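Architecture and fold: a report
Each chain, written out:
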Amino acid sequence: MKDSPGALGQALPVGAPPPIFVVAPPGLPVETVAAMLGQHPECWGMPEINLELSGNLDSLMREMIGLRSSQMHGLLRTLSQLLTGEQTIIGVDAARRWLSRYAYLPTSAVWHLLAQRVGPRRMVAPLTATLFEAGSLGRLVATFPEAKFVALKMHPKSHGEAVMAQHGGAAAWLLGALDETVEPAMPEPSEIWQLAEAGLDDLAGLVRAKQIIPVRVEDLVHNTKPTLTRLLKKLDLAAPPRVLAAMQRPESSSFRGRGPFGAQFGGEILTLEALRSQIPSVETLTLEGRAPWRPDGMPLGADIRLSATKAGYR
């Protein structure tokens, strides 16, 4: 495959199937769910590539340095796979050269190139950081006005514990989700839950209601086949038994696990069995009582409980 934008395709043609974005805050198995959908024969799953976080490749590459450099790994792995057919050090080097050569491209054009390259299959990509940036959401919707968004939900207590289990609640620190009424200030992951709901409200103001499909991750993990069948219907995808069986093996994704040197991340894809052991069913959870991560015994805030009740949690 030649190292050129044409090798990836041209602009997304009129009538091409719209992509699917799996959107959720940190702490939810967004990459695993994207990988599940990516096992559908009409889809092509990829890791989080973050193109929409900036207006063009040059500015994106300038922003994604230091602590943020890992946010480029999903894009590098995707380009490596598409340019060379595999994910290797050589493929990552080819991806970096491609990005440098075409740094003048708007990120919307790169999105279209990727969608064209994987067509006629539908591109499936996870989104997390975008949920907290209204400008990025706007860019993404402008690029793909007919895209479908699978909005993953999770019980606030399970979500909070998942956030705190990742590097001591690093996501809460980075997003400023802190309780500053105590000394010293401490991470408050339930604020991420609320920030994500605000981001979904922003998204709802940009697209038609039917383009956003809420799915409770507990239902997907513990009641998989019926939940997948309903989801596929809303995505206009067929759901024969063999396809449903394939989708329950997200670990079959070529993006599972660590990538090659220089693009190690972007592959946090778990088996359904692993998820079932980590995520409690909704019947075992309650919004009442203390938040598990709070050493002072404080409960979830009233606003969190109200929002979660609207999402079907009790």
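Our subject in this report is the structure included herewith. Just so it is clear, the model here is predicted, and its values are computed rather than measured. (Residues numbered from 1 in each chain as written. Predicted model: local features only at pLDDT ≥ 70, side-chain atom pairs only at ≥ 80, totals over all residues. Heavy atoms only, no water.)

Some points on the overall build of the protein chain
- Helices and strands together make up the secondary structure of the protein chain, namely 15 helices and seven strands.
- Taking 314 residues into account, the globule formula puts the C-alpha radius of gyration at 20 Å, and the protein chain, at 19 Å, falls close to it.
- If one aligns the C-alpha atoms of the protein chain with their principal axes, the spans along those axes are about 60 × 45 × 35 Å.
- By residue count, 53% of the 314 residues in the protein chain fall in the buried class.
- A total accessible area of about 13,900 Å² is found for the protein chain, and carbon and sulfur atoms account for 56% of it. (Helix = DSSP H or I, 4+ residues; strand = E, 2+ residues; numbered from the N terminus. Rg over C-alpha atoms; globule rule 2.2 N^0.38 Å. Buried < 20%, exposed > 50% of the residue type's maximum accessible area, 1.4 Å probe, protein only. Areas by Shrake-Rupley, 256 points an atom, 1.4 Å probe, with all protein chains shown as cover.)

Describing helix 8 (residues 156–165)
- Summarising burial for helix 8: seven of the 10 residues are buried, a large majority.
- Listed in full, the buried residues belonging to helix 8 are P156, K157, S158, H159, G160, A162 and V163.
- Those residues of helix 8 that are buried lie in contact with helix 9 (170–175), helix 10 (190–204) and helix 15 (302–310).
- Count one or two residues on from helix 8 and you reach H167, which has phi positive near 55°. (Contact = heavy atoms within 4.5 Å.)

Structural notes on the packing of helix 10 against helix 15
- Where helix 10 meets helix 15, the closest approach of the two axes is 10 Å, and the angle between their N-to-C directions is 50°. Looking at the two axes, helix 10 sits oblique to helix 15. Along this stretch, helix 10 crosses helix 15, giving a crossing that reads as left-handed. Mapping the contact onto sequence places S190, W193 and Q194 in helix 10 and D303, I304, S307 and A308 in helix 15.
- Each residue belonging to the contact of helix 10 with helix 15 can be placed in one class, and the counts come to three nonpolar, three polar and one charged. (Axes fitted to C-alpha atoms, helices over the stretch in contact; angles between N-to-C directions. Parallel < 35°, antiparallel > 145°, perpendicular 65-115°, else oblique. Left-handed = near helix turned anticlockwise from the far one by under 90°. Nonpolar A, V, L, I, M, F, W, Y, C, P; charged D, E, K, R; others polar.)

Section: the packing of aromatic side chains
- By the definition in use, this model includes seven aromatic pairs.
- With 6.1 Å between their ring centres and 65° between their planes, Y102 and Y104 make a pair best called edge-to-face.
- Under the relative-accessibility criterion, Y104 is labelled exposed at 58%.
- Put simply, the rings of F21, W111, F144 and F149 pair up and form one aromatic cluster.
- If you follow R258 out to its NZ or CZ, it ends over the ring of F265, 5.7 Å from the centre. (Phe/Tyr/Trp six-rings, centres within 6.5 Å; stacked < 30°, edge-to-face > 60°. Lys NZ or Arg CZ within 6 Å of the ring centre and 35° of its normal.)

Remarks on the environment of P17
- Turning to its location among the elements, P17 is positioned in the loop between helix 1 (5–8) and strand 1 (20–23).
- P17 sits 137 residues away from M154 along the chain, and the two C-alpha atoms are 28 Å apart.
- Setting aside residues no more than four positions away along its own chain, P17 makes contact with P120 and R122.

With respect to the side chain of T271
- As for its placement among the helices and strands, T271 is situated in the loop between helix 13 (241–247) and helix 14 (272–278).
- Only 3.0 Å separates the side chain of T271 from the backbone nitrogen of A274, close enough to count as a polar contact.
- Among residues more than four places away in sequence, those in contact with T271 are E251 and R256. (Polar contact = N/O pair within 3.5 Å; in protein donor to acceptor, adjacent residues only side chain to side chain.)

A look at the pairing of strand 4 (residues 148–153)
- The element strand 4 is largely enclosed, with a buried count of six among its six residues.
- Of the two faces of strand 4, the one holding K148, V150 and L152 and the one holding F149, A151 and K153 are both buried throughout.
- Two elements, strand 4 and strand 7 (residues 212–216), share five bridges in a ladder whose sense is parallel. Looking across to strand 7, one finds that V150 is bridged to I213. (Pairing = 2+ DSSP bridges.)

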